[in-house]
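Structure assessment
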Amino acid sequence: TTFMFMCTALVQFMTPGLAFFYGGLVRSTNILTIMLQNFASMGFVFVLWWAVLFSLCFGTSLGGIIGNPATYLFFRDVPLYDKISGATLDIPGVLYAGYQGMFAVITPALMTGAFADRV
């Protein structure tokens with residue numbers, strides 16, 4: 001549990017680090033734009049993850065393709081101390097959700113580098 005908590009914190013620091021990295025790669029006129037895109041994606045995706053995306057990824061299966069959005073809607077019934085049903089790791093459900101959420105946050109931030117200085 002401690003190791004996963006440290007990993008979650010380190011992944012959380014990757015997103016602002018990525019913003020500064022991309023800020024160093026673009027022209028000086030686009031630094032603020034690229035950094036704001038990264039930080040805006042942090043806030044936007046975090047709220048979406050909390051509201052519905054965690055359920056779509058890890059909720060009870062709907063046809064074997066996607067999770068039921070109502071399973072963990074707004075983190076309802078995410079276990080605080082017990083593991084999530086179906087999860088292979090024996091870590092608390094909230095920590096598992098946070099760890100997976102950090103990767104959901106950094107993914108759109110990585111995509112901003114694809115169009116840095118191109119738009």
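Residues numbered from 1 in each chain as written. Predicted model: local features only at pLDDT ≥ 70, side-chain atom pairs only at ≥ 80, totals over all residues. Heavy atoms only, no water.

Digging into the pattern of salt bridges
For clarity, the threshold we go by: Salt bridge, as used here: a side-chain nitrogen of Lys or Arg that lies within 4 Å of a carboxyl oxygen of Asp or Glu.
Within this structure, the stated rule accounts for 1 salt bridge. A salt bridge links aspartate 77 to arginine 76; its shortest N-O distance comes to 3.6 Å.

Quick word on the side chain of threonine 8
The following threshold applies: Under the scheme used here, helices are H or I runs from DSSP no shorter than 4 residues and strands are E runs no shorter than 2 residues, and both carry numbers assigned from the N terminus. What makes two residues a contact is simply this: any of their non-hydrogen atoms within 4.5 Å.
Within the fold, threonine 8 resides in helix α1 (residues 2-25). With near-sequence residues (within four places) excluded, threonine 8 lies in contact with Leu95, Gly98, Tyr99 and Met102.

Comments concerning the nonpolar core
In summary, soluble globular proteins display a tendency toward joint burial of nonpolar side chains. Note the following rule: Definition of nonpolar core: a set of buried residues of the types Ala, Val, Leu, Ile, Met, Phe, Trp, Tyr and Cys, connected through side-chain atoms within 4.5 Å. Accessibility here uses a 1.4 Å probe with only protein chains present; expressed as a share of the type maximum, an area under 20% marks a residue as buried, one over 50% as exposed, and anything in between as partly exposed.
In terms of nonpolar packing, the biggest core is built from 13 residues, with Phe54, Tyr72, Ile84 and Ile91 touching the most fellow members. Elements represented by at least two residues in this core include exactly α2 (31-58) and α3 (93-112). In this view, isoleucine 91 contacts Thr1, Met4, Asp82, Lys83 and Tyr96; residues no more than four positions away in its chain are not counted. If you look at the next biggest cluster of nonpolar residues, it comprises 9 residues, including Ala19, Val26, Ala109 and Ala116.

Points about the confidence of the model for the protein chain
Detailed reading of the predicted coordinates is not advisable wherever pLDDT falls low. Which entries qualify depends on this criterion: Each residue carries a pLDDT score, the predictor's confidence in it, ranging from 0 to 100.
Confidence along the protein chain averages 88 in pLDDT terms, with 97% of residues attaining 70 or more. Looking at the elements of the protein chain, mean pLDDT is at its lowest for strand β1 (residues 61-62), recorded as 88, and at its highest for α1, recorded as 92.

Thoughts on the packing of aromatic side chains
Two aromatic rings are characterised by how far apart their centres lie and by the angle between their planes. Selection rule: A pair of Phe, Tyr and Trp rings is counted when the ring centres sit within 6.5 Å of each other, with Trp represented by its six-membered ring. The angle between the planes then sorts it: under 30 degrees is stacked, over 60 is edge-to-face, the rest tilted.
Enumeration over the complete set of coordinates arrives at 9 aromatic pairs. Pairing phenylalanine 58 with tyrosine 96 gives two aromatic rings, centres 5.2 Å apart and planes at 70 degrees, and the pair type is edge-to-face. Here the residue phenylalanine 58 occupies a position in helix α2, and tyrosine 96 occupies one in helix α3, the gap between them amounting to 38 residues. Given a relative accessible area of 14%, tyrosine 96 falls into the buried group. An angle of 75 degrees between the planes, with centres 5.2 Å apart, marks the rings of tyrosine 99 and phenylalanine 103 as edge-to-face. Note that tyrosine 99 and phenylalanine 103 are positioned in helix α3 at a spacing of 4 residues, about one turn of the helix.

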